[in-house]
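Notes for the structure review
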Amino acid sequence: MPGLYLSELTLSHFRSHKSGRLALDARPVAIHGPNGAGKTNLIEAVSLLSPGRGLRRAAAQDMARRPESLGWKITGLLHSLQRVHEVEILSEEGAARQVRIDEKSATQLALGRIARVLWLIPSMDRLWIEGTEGRRRFLDRMTMSFLPDHGDAALAYEKAMRERNRLLKDQVRDAHWYLALERQMAEAGAQIHANRKHALALIAGAQMQAETAFPTAELELTQTEGEMPEGADDLREALAESRFRDLIAGRTLVGPHRADLYGVYAAKGVPAADCSTGEQKALLVSLILANARALARDFGAPPILLLDEVAAHLDATRRAALYDEICGLGAQAWMTGTGPELFTELGPRAQHVHVTDTDGTSRITSEAP
Ligand SMILES: Nc1ncnc2c1ncn2[C@@H]1O[C@H](COP(=O)(O)OP(=O)(O)OP(=O)(O)O)[C@@H](O)[C@H]1O
Ligand SMILES: [Mg+2]
C-alpha cells in the first residue's frame, strides 16, 4: 500500500528502552501507559528517523540508555510511496549520530527525501508566547517537510554567518574579508526565505480548502526588525550596508535568522499570543493537519505525525474531530496518552500499543482495542 509509514520499529539501548520491537501497519498508533513508562522516548525514536536532532533536540550521548551508556540504535522499516527502506540511526558510545539507509551510509538530505515527520509536543504549548526561536524552528520543520534541501540551505547560511560574526567580534573592518561570506549568506539566505514563503503558501491553501473542526490560523512571515530583503542581491547589499551597525552589535542583524512567524486566530481576528491555552493548541493542531493535507498533495503521502499528549489537552469534541481527520488523511499518527480511554473513539481504526516499565525494564506491546 503506498503512503508513508513504519511497518517495523526496533530499539536497542535507546533511553529507557533496552530493547523493543513493534510490528505495525499503516494505521495511526495510539500509545498508552503510565507516567515515566517510556512513551515519549518511543516517539522520540521515530522522530530521529527524520533529519535533525529529534523532538527533544537531544545530544547523541544523552539518548544512550543509562547507566550502561553504550551507544544506541533505532531501526525502522519505512514505507515511502512505492518503496520500502530500512532506515538505521545509531550512535556508538557517545559519538555523533550516523544515518544508514538500506545498509549504506546516507546523508540527512537523503533521509529527508524519504521520511517526512512532523510533531507536536507539550513544550510547544508555549510556542506563540515565547521567543522567536521556537516559532522559527516550527516553521522550518514544516518547510523541510515540503523541501528537504531547506536543511542544507540553513546549514550553509549558519556556517557563513558564524564566520562573519567572528569577524565582527574581532572588529575586522576590511571589507574584502566580508565579501565572500556575505555572498554565501545572501544566496543561502534568499533560498531560506523563499522556501519558507513557499511552505506558508501551501499551508494557507490547504487551510482554505478544507472543512475542519480546527480554527484557521493566518500566518505571516515577519522580521524582528526591519524588512527581509527579497532576493539574493538585495540581501547581499543589506548585509554590506549593515556592517557598521553589526560591528557595534558584534553580530549580524539582518537576514532570515531574524525572521518570526506571526499567527492570528482568523475567525476572531485575535493574535495567537493572546488566545487561550486551548485555542493556541488548537491552532497548532490545525497547522499540522493543514501541512499534512498539503504534503499529501505535494509529496504523494501525508507525513508521519507524532502527537505527544495531544489527546489529553483537547475536549471530547475536538479529540473526536482530530481522530476523524487523521483517519481521513490516512496518516500514521503516533499519539501518546496515559490511559487507553483517551483512544477509545479510535477503536479498530488505530493500532493500540501499551508501554510499561517495571524496575527499569520496559515493555512495548501491541493490544487489541
Ligand atoms: N538516557 C536514558 N537512559 C535511561 N532512562 C532514561 C534516559 N533518558 C530518559 N530516561 C527515562 O525514561 C523514562 C521515561 O520517559 P518518557 O518521557 O518516555 O516517559 P513517558 O511515558 O512519556 O511519561 P509521561 O506520561 O510522564 O510523559 C523517564 O523515567 C526517564 O528518566
Ligand atoms: Mg511523555
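Just so we're clear, the structure is a prediction, and the values are computed from it rather than from any experiment.

1. Brief notes about the sheet that holds strand β11 (residues 270-271)
The three strands are arranged β9-β10-β11 in an open sheet whose pairing can be described as antiparallel. Edge positions in the open sheet fall to β9 (217-223) and β11, since each of these has one partner strand only. As judged from the seven bridges shared by β9 and strand β10 (residues 259-265), these two strands associate in the antiparallel manner. Residue pairing in the sheet places Q223 in a bridge with A259 of β10. In the packing of helix α7 (residues 277-298) onto the sheet, the strands contacted are β9 and β10, and the crossing angle to β9 comes to about 90°.

2. Let's talk about the site of ligand 1
As a matter of local geometry, ligand 1 sits amid 16 residues, with G36, K39, T40, N41 and A64 nearest to it. Between an oxygen atom of ligand 1 and a side-chain N or O atom of R56, the distance comes to 2.9 Å. Protein contacts shield 73% of the accessible area of ligand 1, which totals 660 Å² for the unbound molecule.

3. Remarks on the layout of surface pockets
As a volume, the largest pocket reaches approximately 1,300 Å³. Lining the largest pocket are 42 residues, with R57, R136, R137, D140 and E158 sitting closest to its centre. When residues of the lining of the largest pocket are traced back to their parent elements, those giving at least two are α2 (108-114), β8 (117-120), α3 (132-146), α4 (150-169) and α5 (176-209). For the lining of the largest pocket, a count of residues per class yields 18 nonpolar, 10 polar and 14 charged. A domain-level breakdown of the lining of the largest pocket finds at least three residues from each of domain 1 (1-116 + 301-368) and domain 2 (126-297).

4. Some remarks on empty space enclosed by the protein
Tallying each qualifying case throughout the model produces two cavities of 30 Å³ or more. Lining the largest cavity are S50, P51, G112, A115, R116, V117, R141, M144, S145 and P148. The greatest single-element share of the lining of the largest cavity, amounting to three residues, is contributed by α3. Here the lining of the largest cavity is built from residues that sort into five nonpolar, three polar and two charged. Mapping the lining of the largest cavity onto the domain boundaries places at least three of its residues in each of domain 1 (1-116 + 301-368) and domain 2 (126-297). By volume, the second largest cavity is sized at about 30 Å³. What lines the second largest cavity is simply L6, V46, L49, L78, A115, V117 and I304. Class assignment of the residues belonging to the lining of the second largest cavity gives a composition of seven nonpolar, no polar and no charged.

5. Focus: the side chain of N291
Among the structural elements, N291 can be located in helix α7. A distance of 3.2 Å separates the side chain of N291 from the side chain of S145, its partner in a polar contact. What N291 contacts, discounting residues up to four positions off in sequence, is L118, M142, S145, F146 and I203.

6. As for helix α9 (residues 316-329)
Taking 1.5 Å of rise per residue, the 14 residues of α9 would be expected to cover 20 Å, and the 20 Å separating its terminal C-alpha atoms lies within 8% of that figure. Among the residues of α9, those classed as buried are R319, A321, L322, Y323, E325, I326 and L329. Contacts from the buried residues of α9 go to α7, β12 (304-307), α8 (310-313) and β13 (333-337). Of the residues flanking the end of α9, it is G330, one or two places downstream, whose phi is positive at about 75°.

7. Description of the side chain of Q280
Residue placement: Q280 occurs in helix α7. Assessed through its relative accessible area of 4%, Q280 is described here as buried. At 3.4 Å, the side chain of Q280 and the backbone oxygen of A273 are in polar contact. Excluding residues that lie within four positions of it along the chain, Q280 makes contacts with D125, W128, I129, A272, A273 and C275.

The rules behind these values
- For every chain, the first residue of the written sequence is number 1, and numbering continues from 1 onward in sequence order.
- By the order in which they are written, chains take letters starting at A while ligands take numbers starting at 1.
- Given that the model is predicted, a residue must reach a pLDDT of at least 70 before its local features are reported, and side-chain atom pairs must reach 80 or more before they are shown or counted; all residues, however, enter totals for whole chains, interfaces and linings.
- For the side-chain quantities, the full set of heavy atoms in the structure was used; hydrogens and water were omitted.
- Two strands make a pair as long as DSSP finds a minimum of two bridges between them.
- Counting from the N terminus, the helices are DSSP H or I runs at least four residues long and the strands are E runs at least two residues long.
- By definition in these notes, contact holds between two residues if any of their heavy atoms fall within 4.5 Å.
- Here an axis means a line fitted to C-alpha atoms, over the contact stretch when the element is a helix, while the angle between two N-to-C directions is reported on a 0 to 180 degree scale.
- We call a residue near a molecule or strand when any one of its heavy atoms sits within 4 Å of it.
- Side-chain atoms alone can form a polar contact between residues adjacent in sequence; in general such a contact is a pair of N or O atoms within 3.5 Å, and within protein one must be able to donate a hydrogen while the other accepts it.
- Accessible surface area values rest on a Shrake-Rupley calculation with a 1.4 Å probe, where residue burial reflects the displayed protein chains alone.
- Here a cavity is any set of points on a 1 Å grid over the protein atoms alone where a 1.4 Å probe fits but cannot get out, and a pocket is any open set with protein on both sides within 12 Å along at least 5 of 7 lines; a residue lines the site when it has an atom within 4 Å of a point.
- Grid points are joined across faces, edges and corners, and a volume is the space filled by probe spheres set on the points.
- Gly is put with the polar residues, along with every residue not named as nonpolar or charged; the nonpolar set is Ala, Val, Leu, Ile, Met, Phe, Trp, Tyr, Cys and Pro, and the charged set is Asp, Glu, Lys and Arg.
- Here the limits of each domain have been adopted from an automatic or database domain assignment.
- Take the residue count of a helix, subtract one, and multiply by 1.5 Å to get its expected span.
- Relative accessible area decides the class of each residue, using a 1.4 Å probe on protein chains only: under 20% of the type maximum gives buried, over 50% gives exposed, and in between gives partly exposed.

That's the geometry; what it means functionally is another story.
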